[in-house]
Amino acid sequence: KGTLGVTVVDGAATPALAFDYGFKVRPFFPKLVETAAEREAWLDSQKIERQFVATWPDIYGYGLAREKCAAWHRLLNDTLAAWCADHPRFGFIGSVPLPNADDAVEELVRIRKAGAIGIMLPANVENINIGELALDPLWAKAEALNCPVILHPVLVGPAPRAAKFGLTQSTQYTFDTTLGTGVNL
């Protein structure tokens, strides 16, 4: 086990992570762990000059203890910032430790100073819709910093009805985002 409560699981073609609260993430998609040279070659083939990168929301680790979650997001963001500094064709979108709004605001301020162009939030945090969380201080700080917020669906459990027909990404993810934001309308 890592000191942050996160362990790398080997044995598959790509790594996976296990969190000390019992959550295990499926192995990373190969595109998530390709080298900068491979990614730049693909960008060239598509005639794309610049790309923004972010941490895969499946590994946000929101079930970690508060201090470990904050430290985990600092590590994720510092790693992205350093990688982008070494590869200036890329910019980074940060993540923040939720559901604690004060911790999220602190990390948002820190990563904006480090060059984050925005933040990505999940549509749900450990099965609680993002719209149900007390995040007014985060929303206010993002607005004050003119910081874009990307809402990303996450699948925190199996979705057999959608998966049966190959509809997890197109249907279940769309539902997750709609439900996550629609609860406060």
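This text gives an overview of the structure that appears in the document. (Residues numbered from 1 in each chain as written. Predicted model: local features only at pLDDT ≥ 70, side-chain atom pairs only at ≥ 80, totals over all residues. Heavy atoms only, no water.)

So, on to a nonpolar patch on the surface. On the surface, a cluster of nonpolar side chains totalling about 240 Å² of accessible area is made up of Phe29, Leu32 and Val33. Along the chain, Leu32 falls in the loop between strand S2 (16–19) and helix H1 (36–45). We classify Leu32 as partly exposed; its relative accessible area is 40%. (Patch = residues over 30% accessible without salt bridge, like charges linked within 9 Å, V, L, I, M, F, W, Y side chains within 5 Å. Areas by Shrake-Rupley, 256 points an atom, 1.4 Å probe, with all protein chains shown as cover. Salt bridge = Lys/Arg side-chain N within 4 Å of Asp/Glu carboxyl O. Helix = DSSP H or I, 4+ residues; strand = E, 2+ residues; numbered from the N terminus. Buried < 20%, exposed > 50% of the residue type's maximum accessible area, 1.4 Å probe, protein only.)

The pairing of strand S1 (residues 6–9) with S2 spans four bridges and is classified as antiparallel. Each bridged residue has a counterpart across the sheet, and for Val8 the counterpart in S2 is Leu17. Where S1 folds back on S2, the antiparallel hairpin that results is connected by six residues, among which Gly11 adopts a positive phi of roughly 120 degrees. (Pairing = 2+ DSSP bridges.)

Turning our attention to the packing of aromatic side chains. The full count for this structure, using the stated rule, is eight aromatic pairs. An angle of 50 degrees between the planes, with centres 4.7 Å apart, marks the rings of Trp83 and Phe90 as tilted. A relative accessible area of 28% places Trp83 in the partly exposed class. Judged by its relative accessible area of 3%, Phe90 is buried. Ring pairs connect the aromatic residues Phe19, Tyr21, Phe23 and Trp72, which therefore count as one cluster. (Phe/Tyr/Trp six-rings, centres within 6.5 Å; stacked < 30°, edge-to-face > 60°.)

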